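Take a look at the letters that make up each chain.
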Amino acid sequence: MQQPEHTPSEGHADVRIVAASPDVARRVAEVLRRCFDATEQRSYPAGAGGGTRLELVVDTTRTAEPARSWLESSRSPGADGRSG
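Residues numbered from 1 in each chain as written. Predicted model: local features only at pLDDT ≥ 70, side-chain atom pairs only at ≥ 80, totals over all residues. Heavy atoms only, no water.

Take the confidence of the model for the chain next. Summarising the model, the chain shows a mean pLDDT of 79, and 76% of its residues fall at 70 or more. Ranking the elements of the chain by mean pLDDT puts helix H2 (residues 67–74) last with 69 and strand E1 (residues 12–19) first with 93. (pLDDT = per-residue confidence, 0-100. Helix = DSSP H or I, 4+ residues; strand = E, 2+ residues; numbered from the N terminus.)

Right, let's talk about the side chain of Asp-59 for a bit. Within the secondary structure layout, Asp-59 lies in strand E4 (residues 52–63). Engagement of the side chain of Asp-59 in a polar contact is seen with the side chain of Thr-61, the distance being 2.4 Å. When near neighbours in sequence (up to four residues on either side) are disregarded, Asp-59 contacts Gly-11, His-12, Phe-36 and Asp-37. (Polar contact = N/O pair within 3.5 Å; in protein donor to acceptor, adjacent residues only side chain to side chain. Contact = heavy atoms within 4.5 Å.)

Before going further, it helps to spend a moment on the pattern of salt bridges. Side-chain pairs of opposite charge can arise where the charged atoms are in close proximity. Applying the stated rule across the entire model yields seven salt bridges. The salt bridge involving Asp-23 is made with Arg-27; its shortest N-O contact spans 3.6 Å. Highlighted residues: Asp-23 and Arg-27, both in helix H1 (residues 22–35), separated by four residues, approximately one helical turn. Among the residues examined, Asp-23 registers a relative accessible area of 41% and is labelled partly exposed. (Salt bridge = Lys/Arg side-chain N within 4 Å of Asp/Glu carboxyl O. Buried < 20%, exposed > 50% of the residue type's maximum accessible area, 1.4 Å probe, protein only.)

The subject of this paragraph is the pairing of strand E3 (residues 42–45). Of the strand pairs in this sheet, E3 and E4 are connected by four bridges, and their pairing is antiparallel. By the bridge assignment, Ser-43 is partnered in E4 with Leu-54. Linking E3 to E4, which pair antiparallel, is a turn of six residues; within it Gly-47 sits at a positive phi near 155 degrees. (Pairing = 2+ DSSP bridges.)

Let's shift gears to the nonpolar core. Grouped burial of nonpolar side chains is what soluble globular proteins tend to show. Counting nine residues, the largest nonpolar core is built from Ile-17, Ala-19, Ala-25, Ala-29, Cys-35, Phe-36, Leu-54, Leu-56 and Val-58. Going through the elements one at a time, E1, H1 and E4 are the ones with two or more residues in this core. Ignoring any residue separated from it by four or fewer positions in sequence, one finds Ala-29 in contact with Ile-17, Gln-41, Leu-54 and Leu-56. (Core = buried A, V, L, I, M, F, W, Y, C linked by side-chain atoms within 4.5 Å.)

With that settled, the discussion passes to the environment of Arg-42. If you trace the backbone, Arg-42 turns up in strand E3. Assessed through its relative accessible area of 36%, Arg-42 is described here as partly exposed. Each C-alpha atom of the pair Arg-42 and Arg-53 lies 8.2 Å from the other, and the pair is 11 residues apart in sequence. When sequence neighbours within four positions are dropped, the list of residues in contact with Arg-42 reads Arg-53, Leu-54 and Glu-55.

Printed below as a string of C-alpha cells:
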C-alpha cells in the first residue's frame, strides 16, 4: 500500500474511497460528509481494472450526530488529556 505524502493535521483524516462505479464512491463520500466536515472530493481512475477512487479530508473536530457519539464513546480513557 502506498504511504501518504503527508500526515494530516491534528483532528483530520485523509480518506480514500475505491469503488467499482463513481456513483457508489459518491454515495459513500456523502455519508461521510453528513457526519464530518469535509473537503470537496477529488476523483481519479482506480486503476487498469476500472473503477473510481475518491479522496477527501474529514475534520473529526467538527462532527455531527451520529459521528459525535461514536467518537466520544470510542476514545480510550485519558486519550483527550483527561483522566477517565
